[in-house]
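Report on the structure
Residue-level listing of the chains:
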Amino acid sequence: MNRAFPRKRSSLGVSLVELMISMVLGLIVAGAAVAMFATNRVTYSASENMGRIQEAGRTAFELMARDVREAGGNPCDANLSLTNGLNAPTGNWWKNWNNGLFGYNGTTAFPDVAFGTTAGARVAGTEAIEVKYGELPRTVNVTAALTDANLNQPIAVGTVTGLTVNDLLVACDYRGATIFQATGFSGNTILHASGAGSGGSPGNTGASLLLGPHGNDKDGVAMPGLAVNGMVSKLKASRWYVGCNGRVACDQPGGRSLYQSSLVNTAGTFSVVNDEIANGVSNMTMLYLPAGGTAYTNAAGVTNWGAIGAIKVTLTITAPDRSGSTDSNNAITRTTQHVISLRNNLL
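Definitions and cut-offs
- Residues numbered from 1 in each chain as written.
- Predicted model: local features only at pLDDT ≥ 70, side-chain atom pairs only at ≥ 80, totals over all residues.
- Heavy atoms only, no water.
- Phe/Tyr/Trp six-rings, centres within 6.5 Å; stacked < 30°, edge-to-face > 60°.
- Buried < 20%, exposed > 50% of the residue type's maximum accessible area, 1.4 Å probe, protein only.
- Lys NZ or Arg CZ within 6 Å of the ring centre and 35° of its normal.
- Helix = DSSP H or I, 4+ residues; strand = E, 2+ residues; numbered from the N terminus.
- Disulfide = S-S within 2.5 Å.

Here we look at the packing of aromatic side chains
Tallying each qualifying case throughout the model produces 7 aromatic pairs. Their ring planes at 80° and their centres at 5.0 Å tell us that F102 and Y104 sit as a pair that is edge-to-face. Residue class for Y104 comes out buried when judged on its relative accessible area of 6%. With a centroid separation of 5.0 Å and an interplanar angle of 85°, the aromatic rings of Y104 and F110 are classed as edge-to-face. Like F110, Y104 is buried. Taken together through their ring pairs, the aromatic side chains of F102, Y104, F110, Y241, Y259, Y288 and W305 make up a single cluster. R122 extends its terminal NZ or CZ atom over the ring of F110, reaching a point 4.9 Å from the ring centre.

Shown next, in the form of structure tokens:
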């Protein structure tokens, strides 16, 4: 007689209901893991973009402030009477040294370069600033006086290291300053002939520096046109503006940057070089405070650019992409404001 023996429970399979319950639980766990990963990714992207914004803002402000706060300065005294001895001194922005500072509102293009959308071009609707000053690191001492009668003679200095033929220079002492072009060097003397040396431009209106006459001192002794221990410094001209960087469309996140345009003397030929300083700076506005004043004004309201004591700079900085933003249509954007005090106009 056959006798049936029951099978062990361990040899049985799972039922359909058990399988479905297991799959649902697995999907719940997997979904939670995916959601956590997605959340962490958004958080990481937001943190990374915020870090980029902060770094761009810090770099932009530090470098621009370092340049702008020197506006209008020379190694002697910013309040000295300044004479421009260059040919056609108002014919180009970097030859015009009437003001060490000049601001452009968002609708005013540079006089020599229009708004544009190509790489390095200034973005329409953004403000800009122009600064000029004598570079202290490239300053040398005058070792022999020039009288009013021999202002066409070479300027004797301690060293010409750091200076180049055709550089634009400012010579000054405690009474006056003049801008001229170095047409050559002879030992430790600076030549400043009429015209320009080695084919450089713009050249000088004449061979004589335009410092004098200074007249006599209280004892009736003729005062020199350029005194011993006067200074000769290389001039720097630069502009700060928001431009298209050319990597993506100018109206897209990451398509704009802060730029600095600088005057460069290359073998006697002057050119303006545009350097990208900080990516993501999408807009810049500025307000100006007259020295001793109480209210800031925009560029259109400034009546004396030589008397600005401080500048309030507002930078709008946009992340390079939309990742990490709670708004899928817009990238993370932050606005930061800084005040730059002009050392040469503080009262």
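More follows now that the structure is in view.
Overview of unusual backbone geometry
With a phi angle near 45°, A88 is a residue other than glycine that sits in the positive phi range. In this fold, A88 is placed in the loop between β1 (81-84) and β2 (101-104). Here the phi dihedral of N229 falls at roughly 70°; this positive angle occurs in a residue that is not glycine.

Let's talk about the state of the cysteines
Throughout the structure, instances matching the rule amount to 2 disulfides. The side chain of C76 participates in a disulfide bridge whose partner is C172; the two sulfur atoms lie 2.1 Å from each other. Between C76 and C172, the disulfide has an S-S torsion of 80° and is therefore right-handed. Highlighted residues: C76 in the loop between α1 (16-68) and β1 and C172 in strand β5 (residues 168-172), separated in sequence by 96 residues. Judged by its relative accessible area of 0%, C172 is buried. The disulfide partner of C244 is C250, and the S-S distance across this bridge is 2.0 Å. Negative torsions about the S-S bond denote left-handed disulfides, and the value of about -90° found for C244 with C250 makes this one left-handed. For the pair C244 and C250, a shared accessibility class is recorded, and that class is buried. Looking at the protein chain, its bonded cysteines, counted consecutively from the start of the sequence, adopt the pairing 1-2, 3-4.

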